[in-house]
Amino acid sequence: MEWPGADDLRAAADELAGRVPAALRPLARVAYNYRWTWQPGGPELFASLDPHRWEMCGQNPVRQLREADPELLARAAEDGALVARAEAAEALVRAEADRPPASGFTADRPIAFFCSEFGVHVSLPLYAGGLGVLAGDLLKQASDAALPMVGVGLFYRYGYFHQRADLSGLQHEFWVELDSRRMPVVRVTRDGRPVEIRTGLWGQPVRLQIWRADIGAVPLYLLDAEVAGNDPVQRWLTARLYDGNRTIRLGQYAMLGMGGVRALAELGIQPAAYHLNEGHAALAGLELAAREVAGGADFASAFAATRKRIVFTTHTPVPAGNESYTAEQVATGLPDLPARLGIEAPALLDLGRAHPGDSREGLGLTPLAIRSSRRTNGVSMRHGEVARQMWEGVAHTPIGAITNGVHLPTWMGPAFRELFERYLGAGWEARAADPALWEVVDRISDAELWTARNRARARLIGVARARSLTDRLRRGEPIEYVRAAASALHPARLTIGFARRLASYKRLGLLVHDPPRALKLLDEPNPLQLLFAGKAHPSDEAAKRIVQAMFMLKRAEHVAERVVFLEDYDLELAHELVAGCDLWVNLPRPPLEASGTSGMKSALNGGLQLSSLDGWWVEGYDRDNGWAVDGGEVADDVARDAHDAAELYRILEEEVVPQFYDRDADGIPRAWVARMRASLRTLGPRFCAARTLREYMTQVYRPA
Ligand SMILES: *Cc1c(COP(=O)(O)O)cnc(C)c1O
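The structure presented is a predicted model; accordingly, all values stated were derived computationally and were not measured. (Residues numbered from 1 in each chain as written. Predicted model: local features only at pLDDT ≥ 70, side-chain atom pairs only at ≥ 80, totals over all residues. Heavy atoms only, no water.)

Enquirer: I keep staring at the pairing of strand β21 (residues 608-612) and nothing clicks. Help me out?
Expert: Remember that side chains alternate between the two faces of the sheet whenever the strand is regular. The buried fraction of β21 is high, at five of five residues. Note that strand β20 (residues 583-586) and β21 share four bridges and pair parallel. The residue bridging Trp584 from the neighbouring strand is Gln609, located in β21. Judged from the four bridges that link them, β21 and strand β22 (residues 626-629) form a sheet pairing that is parallel. Among the inter-strand pairings, Gln609 is bridged to a residue of β22, identified as Gly626. (Buried < 20%, exposed > 50% of the residue type's maximum accessible area, 1.4 Å probe, protein only. Helix = DSSP H or I, 4+ residues; strand = E, 2+ residues; numbered from the N terminus. Pairing = 2+ DSSP bridges.)

Enquirer: I would appreciate a short explanation of the pattern of salt bridges in the present structure.
Expert: Close approach of charged atoms allows side chains with opposite charge to pair. Counted according to the given criterion, the structure contains 57 salt bridges. Between Asp7 and Arg10 there is a salt bridge, with the nearest N and O atoms lying 2.7 Å from each other. Placement of both Asp7 and Arg10 in helix α1 (residues 6-17) is noted, with a separation of three residues, approximately one turn of the helix. Overall, Asp7 belongs to the exposed group, its relative accessible area being 54%. Among the charged side chains, a network of salt bridges with common partners joins Arg164, Asp471, Arg474, Arg475, Glu477, Lys554 and Glu567. (Salt bridge = Lys/Arg side-chain N within 4 Å of Asp/Glu carboxyl O.)

Enquirer: Can you help me understand the nonpolar core in this one?
Expert: Where a protein is soluble and globular, its nonpolar side chains tend to be buried together. Core analysis: the biggest nonpolar cluster contains 136 residues, and Phe114 and Tyr701 have the highest contact counts within it. Sorting elements by how many residues they give to this core places helix α10 (residues 246-266) first, with ten residues. Other than its neighbours up to four places away in sequence, Phe114 contacts Val152, Leu256, Gly257, Gly260, Val261, Leu264, Tyr274, His275, Leu276, Asn277, Ala281 and Ala284. Leu494, Ile496, Val563 and Val564 belong to the second largest nonpolar core, which has 96 residues in total. (Core = buried A, V, L, I, M, F, W, Y, C linked by side-chain atoms within 4.5 Å. Contact = heavy atoms within 4.5 Å.)

Enquirer: What am I meant to see in the packing of helix α11 (residues 283-294) against helix α12 (residues 299-307) here?
Expert: Helix packing geometry: the angle between the two helix axes and the distance between the axes. In contact at an axis separation of 8 Å, α11 and α12 are set at 130° when each is read in the N-to-C sense. The orientation of α11 relative to α12 falls into the category oblique. Crossing handedness for the pair α11 and α12: right-handed. Contacts from Gly285, Leu286, Leu288, Ala289, Glu292 and Val293 of α11 reach α12 at Phe299, Ala302, Phe303, Ala305 and Thr306. Here the residues of the contact of α11 with α12 sort into eight nonpolar, two polar and one charged. (Axes fitted to C-alpha atoms, helices over the stretch in contact; angles between N-to-C directions. Parallel < 35°, antiparallel > 145°, perpendicular 65-115°, else oblique. Left-handed = near helix turned anticlockwise from the far one by under 90°. Nonpolar A, V, L, I, M, F, W, Y, C, P; charged D, E, K, R; others polar.)

Enquirer: Can you help me understand the site of the ligand in this one?
Expert: Close contacts around the ligand come from 14 residues, with Arg500, Lys506, Thr597, Ser598 and Lys601 the closest. One of the side-chain nitrogen or oxygen atoms of Lys506 is found 2.6 Å away from an oxygen atom of the ligand. Between the ligand and Lys601, the relevant distance is 2.6 Å, taken from an oxygen atom to a side-chain nitrogen or oxygen of the residue. Only α8 (130-144), α26 (571-580) and α27 (598-603) provide two or more residues apiece to the shell around the ligand. (Near = heavy atom within 4 Å. Polar contact = N/O pair within 3.5 Å; in protein donor to acceptor, adjacent residues only side chain to side chain.)

Enquirer: Help me understand the pairing of strand β18 (residues 528-533) in this model?
Expert: Most of β18 sits inside the fold, with six of its six residues counted as buried. Of the two faces of β18, the one lined by Leu528, Leu530 and Phe532 and the one lined by Gln529, Leu531 and Ala533 are each fully buried. Strand direction decides the pairing type here: strand β17 (residues 494-499) and β18, joined by six bridges, are parallel. Following the sheet pairing, Leu494 is matched in β18 by Leu528. With respect to chirality, the unit in which β17 leads through helix α23 (residues 515-520) into the neighbouring parallel β18 is right-handed. Bridge analysis of β18 against strand β19 (residues 563-566) gives four bridges, and the strand direction is parallel. Bridge pairing links Leu530 to Val563 in β19. (Right-handed = clockwise from strand over helix to strand, strands pointing away.)

Below is the structure:
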């Protein structure tokens, strides 16, 4: 099955292929499909051309090839091994495109997966955090599973912000404009002209063009308002992910939901189901219903028919993630929507109210999405329970749970991937969801597991030294503080990671809740070192202050060498951190962490978890495979934070540090390795995207 835009992608790839020596043409075609990112050796293939330029180009292969020095390309074309690898990479993409669809699905009736963000690769910066990375992981897994799927999102011209900290630790934000001509994306055309659709907003039509990026066999369609005929405000709709202006943001959600439905119709794509991944796309349901009404149906039957085609995943109980808009904002933004649906404005608002008829309530995207869908699920068992309570009375069928999982080929780093491949043979990743497969860890010796762990950590320490050195120089830190990071992070020391969006409920601050006790953990003879990273939402002042509070400690003894804040957390840094850290810490205030996924990535790399009992860890933790901070029943937040911080320090002091440093004659920490083994065996098969997608396929996408 060829999705619309295939010719455009071919033309762009051929054009690039025409600029490089004949032997490298396959490489140019590989560059236009993100499949290389999860092929073993894929990133290395491009990096080997010129490692320095590869980083300068932000690991974007299209830009790298476009800007490459002809002499360098000529030399690469002589490299038989490199050419053979490029040919194999291209052959793989072709072979996968020709597979029959997964059983139970038809090639021309895809699942349309709507999301406001997609985290596919660092060179396509259309994500803010876990939601987007999960969406990217599911597209990759759908490609692996030959599930017919198309992604639908927005092409934010400035992506998400970049972060710099100043000397006081205060976050500053800046945005960089993306250059689509140097990215592996193409504008979808028909008869030589860009396909354009129109979606109403603020009483006027907004024009949208459509980009396509290929994620293996899955096309990702991205709507873009940077089009002649749109005024500057309309164009701003697809400027920044999660724009701070609420009028713009509602407009963005209208473009995603309503524009997305229109775009698929215009492209001739007929989805078997629309999957709304989080409430941002909720207006898709009303757009579908409005189209039925335009065809002569009354609203009730139109909405009932629509509901059969939509499924919804809610991703967070946090209020900021469950936005609602006032009657006035809705009337201003979508003035003609009630008429298109054949209902009055209050009836429209009622569709998005937890309590229909309560005129103080606005249009909530989550209730709207729940009512528009045949089925809703949360993203862990615990979150399913929380969502059932939260939306009692709104959901017409019980809210279910499908626990998130991460795309193994994307997130398992080379040290553990190669170790598993030695035992299981090439291609083992395809069976990642089979628990029997993971029994192999019982055959892998302690020494081998420990060697893989040491290898992974050493690589991270190299990266962290280099990055923290430049971070500190750029901030203008005193030179001795700059040098401290470069020389003192130690490749054999217990390395702890904390990296994620810095939302307040994730409680980074618990780590320094009791500064003297925290500082003692950095002390000889068995010190730990802490790497932390994350962006605060630009308007979240409280979250920004937590990072500043941690910066205040930097003059304390050992902090300069053993605590490093790595700026500008993104997919690239995430790969390094989850692969290298020995212990991954997550301290959300229950029950606000719906799932959490970075810990799953760490577990695939032999990292151990120390986490609050919330989200995925409630079902992952079994006493032997990591540690849990169990807060019990503490009502108020202040008391709970104090209790959880004390418990965190106790676990670190009494269990984590001793077990890591207690070595036998061979230098192996036996108890630690036993936990690593338990962690890999119990968590590997359950928290991978292969298991998650299989559940979506069998429980959600296939109508009963
Ligand atoms: C996995 C990931 C996240 C999600 O982290 P949580 O610990 O689940 O909050 C956020 N950002 C990036 C870049 C990620 O890769």
